[in-house]
Amino acid sequence: MSKIRIGIVGYGNVGRGVEAAIKQNPDTELAAVFTRRAADSFSLNTPGAKVVNISRAKDYANDIDVMILCGGSATDLPEQGPEFASMFNIVDSFDTHAKIPEYFEKVNKAAAISKKTCIISVGWDPGLFSMIRMLSGAILPVGNDYTFWGRGVSQGHSDAIRRVAGVKNGIQYTIPIDKAVESVRNGSNPELTTRQKHLRECFVVAEEGANKAGIEADIKNMPNYFSDYETTVHFITGEELKKNHSKMPHGGFVFRSGKTGNDNSNNQIIEFSLKLDSNPEFTANVLVAFARAAVRMNREANTGAKTVFDVPLSYLSPASNLELIKKLL
């Protein structure tokens, strides 16, 4: 079978991670990167792949099997998702949890007309963690879910910081509260508020002359990102940001703490964890696996907007069903 031809929209941290991930998957190849920047402003690490202005994407509808959208969830994907769904099979990592249902409907409307397969909100949360929460809840119907993120850099929250007026650059760390994690791990089934589970720590480089008090207030009061958390904002120099905050680690835990038996007397705990040196590179690898699935589903005329809940697990792997049964089952 011919290789899956992948297009990348956006060449930031995730976009570069997708390019690297494609090299690790022999059944895929990078066709082109689409960018708002000048096409000659950067070079790719893939010989033969093109750099194309995003305005020309529609010209490549017959040359790309699936488009991976690597923009931010704050402003990029809400516009790009429905637009590209009208032309391509797509996979994206839209991660504003509260707005996923609304975003799903918009992408689905476009994909229903174009007969494309569009898998949204792919990554590790939403994404892999979502799958574990669903699976764990099905196995342990009497119980509670707990999700902790970090300590690590949240790409979506960092992107949201950088879009605040007066911010030149910035990064945000999500930090789980140890006491809360341990109370879940020992099976005490605590009732935890959002504020009791995580802290958010922001490091911000302000533009010269910017109102720092105003920037701090805008960040702390931002709905869906910071308003529900204990948030600390530190103002630092660009040199400090580059020296101390250039890496992008992350990770987290998903727990299902449940009860089984006729009298619910036995505690059962499911724990799934990730420890990531590079959040964007790991997210990129997840995106490429789901890009494979999007192409397979589209070939079967399984079209419209999809989430990780709709994708058969075997479609993520380049191996055949027989190989999977023989080696992994």
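Above this note sits the structure.
1. Some details on the nonpolar core
Here is a general trend for soluble globular proteins: nonpolar side chains tend to be buried in one another's company. With 43 residues, the main nonpolar core has Val18, Val91, Ile119 and Phe290 as its most contacted residues. Mapped onto this core, the elements with two or more residues apiece are strand 1 (4-9), helix 1 (13-24), strand 2 (28-35), strand 4 (66-69), helix 4 (128-139), strand 13 (266-276) and helix 10 (279-299). Tallying contributions element by element places helix 10 first for this core, with 11 residues. The contacts of phenylalanine 290, once residues within four sequence positions are left out, are Val91, Ile119, Val122, Met131, Val308, Val311 and Leu316. If you look at the next biggest cluster of nonpolar residues, it comprises 24 residues, including Ala32, Tyr103, Ala110 and Ile120.

2. A few points about helix 1
In this model, helix 1 (12 residues) spans 17 Å end to end at C-alpha, consistent with the 16 Å of a helix rising 1.5 Å per residue. Among the residues making up helix 1, those that are buried are Val14, Gly15, Gly17, Val18, Glu19, Ala21 and Ile22. On its buried face, helix 1 is in contact with strand 1, strand 2, strand 4, helix 5 (155-162) and helix 10.

3. Digging into the sheet that holds strand 7 (residues 143-149)
The strand order across the open sheet built from 3 strands is 7-12-13, with neighbouring strands paired in antiparallel fashion. Each of the sheet's edge strands pairs with one partner strand only, and the pair in question is strand 7 and strand 13. Here the average twist between neighbouring strands, direction ignored, is 10 degrees. Relative to strand 12 (residues 250-260), strand 7 runs antiparallel, the two sharing 7 bridges. Across the sheet, residue glycine 143 finds its bridge partner in strand 12, namely glycine 258.

4. Focus on unusual backbone geometry
Put simply, aspartate 125 and proline 126 share a cis peptide bond, and its omega is 0 degrees. Locating proline 126 in the fold gives a position in the loop between strand 6 (117-119) and helix 4. For the peptide bond that leads from glycine 150 to arginine 151, omega is 5 degrees, which places it in the cis range. One can find arginine 151 in the loop between strand 7 and strand 8 (152-153). The backbone of asparagine 264 sits at a positive phi, close to 50 degrees, despite the residue not being glycine. Along the chain, the position of asparagine 264 falls in the loop between strand 12 and strand 13.

Definitions and cut-offs
Residues numbered from 1 in each chain as written. Predicted model: local features only at pLDDT ≥ 70, side-chain atom pairs only at ≥ 80, totals over all residues. Heavy atoms only, no water. Core = buried A, V, L, I, M, F, W, Y, C linked by side-chain atoms within 4.5 Å. Buried < 20%, exposed > 50% of the residue type's maximum accessible area, 1.4 Å probe, protein only. Helix = DSSP H or I, 4+ residues; strand = E, 2+ residues; numbered from the N terminus. Contact = heavy atoms within 4.5 Å. Expected span 1.5 Å × (residues − 1). Pairing = 2+ DSSP bridges. Axes fitted to C-alpha atoms, helices over the stretch in contact; angles between N-to-C directions.

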